[in-house]
Amino acid sequence: MTRFEEQARFDTETVPAGTARLRKRVVTENVHTTVPVAHEEATLVREPIAEADRGTVPAGTDMEQREMVLHAERPVVVKERVPVERVRLATHQVVEQRPAHAQVRREVVEADVPEEARPAE
């Protein structure tokens, strides 16, 4: 007769635990700043002609007109996409202790021997 009993051997197995994802989305934010701008202003400048210079100034017509282009700066926004960082997922292994339980069965062999067939003690 062979007697058997179960023995528990504890080990580990690797199983999928879930999926990690990197997802990129675009958010819009308002950026406020001040930009120094310049502009030209026209002012009327009067210069008296000296008595000595009056003969060198040509005689003009009654209707004369001059134009001057005035310039002004205005803020301009130039946008460009520039890479700023690399992002990736990394894994690392964490080892922790967890309890494991099992029920094992074993066989017990008993003899049913009549009293008279037992050895003397």
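As the structure is a prediction and not an experimental result, all values here were calculated from the model.

Peer 1: Account for the overall build of the chain, with residues named and values stated.
Peer 2: Each helix and strand in the chain was counted, giving 0 helices and 0 strands. Relative to the compact-globule value of 14 Å for 121 residues, the chain shows a C-alpha radius of gyration of 51 Å, a clear excess of over 25%. Overall size of the chain, expressed as C-alpha extent along the three principal axes, is 165 × 25 × 20 Å. Across the chain, every contact between residues at least 6 apart in sequence was considered, and the portion connecting residues at least 24 apart equals 97%. Roughly 14900 Å² of accessible area belongs to the chain as shown, and the carbon and sulfur atoms make up 50% of that amount. With 18 positive and 23 negative side-chain charges, the chain shows a separation of 4 Å between the mean positions of the two kinds.

Peer 1: Explain the pattern of salt bridges to me, and be specific about the residues and the numbers.
Peer 2: When the charged atoms of two side chains with opposite charge come close together, those side chains can pair. As enumerated under the stated definition, the model contains 6 salt bridges in all. As a salt-bridge pair, R105 and E6 come within 3.6 Å of each other at their nearest N and O atoms. Taking the relative accessible area as the measure of exposure, E6 reaches 35% and is therefore partly exposed. We note a salt bridge from D11 to R9, for which the minimum N-O separation is 3.8 Å. Exposure class is identical for D11 and R9. Each is exposed.

Peer 1: I'd like to hear about the environment of L22, residue by residue, with values.
Peer 2: Overall, L22 belongs to the exposed group, its relative accessible area being 52%. Along the backbone, L22 and V87 are 65 residues apart, and their C-alpha atoms lie at a distance of 8.5 Å. The contact partners of L22, leaving out residues within four places of it in the chain, are V87, R88 and L89.

Peer 1: Any details on the environment of L70? Residues and values, ideally.
Peer 2: Look at L70 and you get partly exposed, because its relative accessible area is 44%. Considered as a pair, L70 and V31 are 39 residues apart in the sequence and their alpha carbons are 30 Å apart. Aside from chain neighbours lying at most four places away, what touches L70 is E40 and A42.

Cut-offs used in this document
Residues numbered from 1 in each chain as written. Predicted model: local features only at pLDDT ≥ 70, side-chain atom pairs only at ≥ 80, totals over all residues. Heavy atoms only, no water. Helix = DSSP H or I, 4+ residues; strand = E, 2+ residues; numbered from the N terminus. Rg over C-alpha atoms; globule rule 2.2 N^0.38 Å. Contact = heavy atoms within 4.5 Å. Areas by Shrake-Rupley, 256 points an atom, 1.4 Å probe, with all protein chains shown as cover. Lys, Arg positive; Asp, Glu negative; His and termini not counted. Charge placed at Lys NZ, Arg CZ, Asp CG, Glu CD. Salt bridge = Lys/Arg side-chain N within 4 Å of Asp/Glu carboxyl O. Buried < 20%, exposed > 50% of the residue type's maximum accessible area, 1.4 Å probe, protein only.

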